[in-house]
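Here's the letter readout for the chains.
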Amino acid sequence: YIDRMKSHCEANNDFWEILLLLQDQNFIDYCDNHSSFMHGDLSLENIIQTDKGMFLIDPIYKEDNWSSYLLDITKMLHSYRKYSRMFEYEVFLNGWLRTHNLDEYVLRVLEVTQWIRVVKYIKDPELKKEIHQKTKLLLNEVIQNNIIK
């Protein structure tokens, strides 16, 4: 995952600070202890609700990539924040923190990686600038609060 993020930092020519956070041994150990199968692209766009239930669509699974439900959680956090659905964001985050005793700092770092990953795909220059600035703010916030349980 660190190598993937390095390639995104190179593509964006920014966000290098995230690599230091991801390379911290406590961070690596925490993430390794939470490796699992994952959807790979869990977001509001990839959930369909019908009268027959909820369906997750368009999974991305690559056997050679690090896989963890932590990335699915943080992709959903990214999705809620992207659409300014902050009440749902907080309910979703706090639900995971309370029921699974997850580390909030780790989740926030991984959420920032989701933002970094999407920047290079944005075509509209104004939107790209806005998302770039938002990503920098989120990265700076997480750097100021870097405490792992």
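The structure displayed is predicted, hence computed values, not measured ones.

The next point concerns the nonpolar core. Judged by nonpolar contacts, the single largest core of 39 residues is most densely connected at Ile18, Phe27, Val106, Val109 and Leu110. Elements that contribute at least two residues to this core include exactly α1 (2-12), α2 (17-22), α3 (25-32), α4 (69-82), α5 (86-100), α6 (104-119) and α7 (125-144). Contact partners of Ile18, with chain neighbours within four places excluded, come to Cys9, Val109, Val112, Thr113, Ile116 and Leu139.

With that settled, consider the packing of aromatic side chains. Taken as a whole and judged by the stated rule, the model has five aromatic pairs. Seen in terms of ring centroids, Tyr69 and Trp96 are 6.0 Å apart; in terms of plane orientation they differ by 35°. Their pairing is tilted. Placement of the pair is Tyr69 in helix α4 and Trp96 in helix α5, with a sequence separation of 27 residues. Members of the aromatic cluster, each reached through a chain of ring pairs, are Tyr69, Tyr80, Phe92 and Trp96.

Remark: α4 packs on α5, axes separated minimally by 8 Å, with the N-to-C direction vectors making an angle of 160°. It follows from the interaxial angle that α4 and α5 lie roughly antiparallel. Where α4 crosses over α5, the handedness of that crossing is left-handed. Only Met86, Glu88, Tyr89, Phe92, Leu93 and Trp96 of α5 make contact with α4, whose side of the interface consists of Tyr69, Ile73, Met76, Leu77, Tyr80 and Arg81. Grouping the amino acids of the contact of α4 with α5 by side-chain chemistry returns ten nonpolar, no polar and two charged.

Among the surface-exposed residues, Ile48, Phe55 and Ile57 lie close enough to one another that they form a single nonpolar patch of about 230 Å² accessible area. Positionally, Phe55 belongs in strand β2 (residues 53-56). Phe55 sits in the partly exposed class, given a relative accessible area of 40%.

This next bit is on the pattern of salt bridges. On inspection of all chains with the given rule, the structure shows seven salt bridges. A salt bridge links Lys75 to Asp41, with the nearest nitrogen and oxygen atoms 3.4 Å apart. Of this pair, Lys75 sits in helix α4 while Asp41 is found in the loop between α3 and β1 (47-50), placing the two residues 34 residues apart along the sequence. A residue is classified by how much of its surface remains accessible, and Lys75, at 12% relative accessible area, is buried. On the basis of relative accessibility, which here comes to 16%, the residue Asp41 falls in the buried class. In this structure, Arg108 and Glu104 form a salt bridge, with 2.7 Å as the shortest nitrogen-oxygen distance. With Arg108 and Glu104 both in helix α6, this residue pair falls four residues apart, about one helical turn.

What counts as what
Residues numbered from 1 in each chain as written. Predicted model: local features only at pLDDT ≥ 70, side-chain atom pairs only at ≥ 80, totals over all residues. Heavy atoms only, no water. Core = buried A, V, L, I, M, F, W, Y, C linked by side-chain atoms within 4.5 Å. Buried < 20%, exposed > 50% of the residue type's maximum accessible area, 1.4 Å probe, protein only. Helix = DSSP H or I, 4+ residues; strand = E, 2+ residues; numbered from the N terminus. Contact = heavy atoms within 4.5 Å. Phe/Tyr/Trp six-rings, centres within 6.5 Å; stacked < 30°, edge-to-face > 60°. Axes fitted to C-alpha atoms, helices over the stretch in contact; angles between N-to-C directions. Parallel < 35°, antiparallel > 145°, perpendicular 65-115°, else oblique. Left-handed = near helix turned anticlockwise from the far one by under 90°. Nonpolar A, V, L, I, M, F, W, Y, C, P; charged D, E, K, R; others polar. Patch = residues over 30% accessible without salt bridge, like charges linked within 9 Å, V, L, I, M, F, W, Y side chains within 5 Å. Areas by Shrake-Rupley, 256 points an atom, 1.4 Å probe, with all protein chains shown as cover. Salt bridge = Lys/Arg side-chain N within 4 Å of Asp/Glu carboxyl O.

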